[in-house]
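# Breakdown of the fold
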Amino acid sequence: DDDIDVYMLRKDYNRLLELRNELPAYGYRICALGDKECIYPYIKLCDANTTLIEYSDTSRCSIGVFIDIFALDEVAGTSEKVKTQKETYLKLYKNFLITFRHPNLENIKKWFKNRYYKTLVISFLPYFLKKRIRKKFISYEDAWSEERGEFLYFHGCSLDTEKELFPKEWFKAYHYVPFDCYKIRVNDNVHEYLSLLFGDYMTPPPVDKRKSQHSHLYLNLKEGLSAKEVDKRLKNGETVVI
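Residues numbered from 1 in each chain as written. Predicted model: local features only at pLDDT ≥ 70, side-chain atom pairs only at ≥ 80, totals over all residues. Heavy atoms only, no water.

Here we take up the overall build of the protein. Looking only at helices and strands, the protein features 7 helices and 11 strands. The principal-axis extents of the C-alpha atoms in the protein amount to approximately 60 × 45 × 45 Å. By residue count, 32% of the 242 residues in the protein fall in the buried class. Long-range contacts, defined as pairs at least 24 residues apart, comprise 55% of the intrachain contacts of the protein with a sequence gap of at least 6. Where the 39 positive side-chain charges of the protein centre and where its 36 negative ones centre are 10 Å apart. (Helix = DSSP H or I, 4+ residues; strand = E, 2+ residues; numbered from the N terminus. Buried < 20%, exposed > 50% of the residue type's maximum accessible area, 1.4 Å probe, protein only. Contact = heavy atoms within 4.5 Å. Lys, Arg positive; Asp, Glu negative; His and termini not counted. Charge placed at Lys NZ, Arg CZ, Asp CG, Glu CD.)

Set out below in structure tokens:
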């Protein structure tokens, strides 16, 4: 891995969101669910003096160099119940993402030419219903965050449900470990946590599998730019400024 991800209990996560207006004075900003062009179901804490765009097939969500922050919610019941909830969550999130995709001119021309009018109408429906679709997804997340139980779960994860369903006691004690020039707080149940996620985590993957999972369409480490400005830079062939 090449970065740090942060868990926060939901109450602390919400508290951070309440303080977001104070962050620009310190050179930071937050990209969070509900923001106009934000496609992420979690917080990205960004360096406001940099620019990063990760994807090309969805919204031009302009962020800066970031740290991901995930909310841990309490959940009750069996892993099967949580899995059912997660399936609904992912379905709503998929619909949510579709509302950010801008119509592709080449596809529209092709559908008109071949008289694929039904395809054309269906492709535009999410665009016209985007407020309702986005509200439904955000409401589902808000409702789930009010549940109480003996486990903690990040329901925006991409792993199997069982791999991110944690006993609450795992997060009651912590210690610090070095990461580059920093000291990072980790829970005391590191072995149990890593074993749950990765199994034999002490055996490195093959060399050809040791690749970063991060990608970017545009990166600028010197300026904080809007998405519109980035589009102009991309048209001129600029993709990286360091």
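So that's the structure; there's more coming.
Taken together, the buried positions of helix α1 (residues 10–18) are Arg10, Tyr13 and Leu16. For α1, the arc enclosing every buried residue in end-on projection is 120 degrees, short of the 170-degree limit, so these residues lie on one face. Relative to its buried face, α1 has exposed residues pointing more than 90 degrees away, namely Lys11 and Glu18. On its buried face, α1 is in contact with β1 (5–9), β2 (28–31), β3 (43–47), β5 (66–75) and α5 (130–144). (Arc of directions from axis to C-beta.)

With that out of the way, let us pick up the packing of aromatic side chains. Summed over all chains, the structure comprises 17 aromatic pairs. Put simply, the rings of Tyr7, Tyr40, Tyr42, Phe70, Phe154, Phe166, Trp170, Phe171 and Tyr193 touch in pairs and so form one group of aromatic residues. The residue whose ring lies beneath Lys44 is Tyr40, and the NZ or CZ to ring-centre distance is 4.5 Å. A cation over a ring is seen here: Arg134 above Phe100, with NZ or CZ 3.8 Å from the ring centre. (Phe/Tyr/Trp six-rings, centres within 6.5 Å; stacked < 30°, edge-to-face > 60°. Lys NZ or Arg CZ within 6 Å of the ring centre and 35° of its normal.)

Attention now moves to the state of the cysteines. According to the stated counting rule, one finds 0 disulfides in the structure shown. This cysteine, Cys181, is not joined by any disulfide, and Cys46 carries the nearest cysteine sulfur, 19 Å off. A residue is classified by how much of its surface remains accessible, and Cys181, at 62% relative accessible area, is exposed. (Disulfide = S-S within 2.5 Å.)

Bringing the nonpolar core into the picture now. Ranked by internal contacts, the top residues of the largest apolar core, which has 39 residues, are Tyr40, Ile43, Ile63 and Tyr153. If you tally residues by element for this core, the top one is β5, at 6 residues. For Ile43, the residues in contact, after removing those within four places along its chain, are Tyr13, Leu16, Leu17, Ile30, Cys31, Ala32, Ile67, Asp68 and Ile69. Among the nonpolar cores identified, the runner-up in size contains 5 residues, and Ile53, Tyr218, Val230 and Val241 belong to it. (Core = buried A, V, L, I, M, F, W, Y, C linked by side-chain atoms within 4.5 Å.)

We now examine the environment of Phe179. Along the chain, the position of Phe179 falls in strand β8 (residues 174–179). Here Phe179 falls in the partly exposed class, since its relative accessible area comes to 37%. Through-space distance from the C-alpha of Phe179 to that of Asp3 is 9.4 Å; in sequence the pair is 176 residues apart. The residues contacting Phe179, other than those within four sequence positions of it, are Asp3, Ile4 and Ile184.

Our next topic: the sheet that holds strand β11 (residues 240–241). Reading across from one edge, β4-β10-β11 is the order of the 3 strands in this open sheet, with mixed pairing throughout. In the strand order of this sheet, the two ends are held by β4 (51–53) and β11, each with one partner. Relative to strand β10 (residues 218–220), β4 runs antiparallel, the two sharing 3 bridges. Looking at the pairing, Leu52 lines up with Leu219 of β10. Contacting β4 and β10, helix α7 (residues 227–235) crosses the sheet at an angle of about 105 degrees to β10. (Pairing = 2+ DSSP bridges. Axes fitted to C-alpha atoms, helices over the stretch in contact; angles between N-to-C directions.)

One way to put it is that helix α2 (residues 79–98) packs onto α5 with a least axis distance of 8 Å and a crossing angle of 155 degrees. One way to sum up the angle between α2 and α5 is to call them roughly antiparallel. When the axes of α2 and α5 are compared, the crossing they make is left-handed. Within the contact between the two elements, α2 uses Val82, Gln85, Lys86, Thr88, Tyr89, Leu92, Tyr93, Asn95 and Phe96 and α5 uses Ile133, Arg134, Lys136, Phe137, Tyr140, Glu141 and Trp144. (Parallel < 35°, antiparallel > 145°, perpendicular 65-115°, else oblique. Left-handed = near helix turned anticlockwise from the far one by under 90°.)

Attention now moves to the pairing of β3. Remember that side chains alternate between the two faces of the sheet whenever the strand is regular. One ladder, built from 4 bridges, connects β2 with β3; its direction is antiparallel. By the bridge assignment, Ile30 is partnered in β3 with Leu45.

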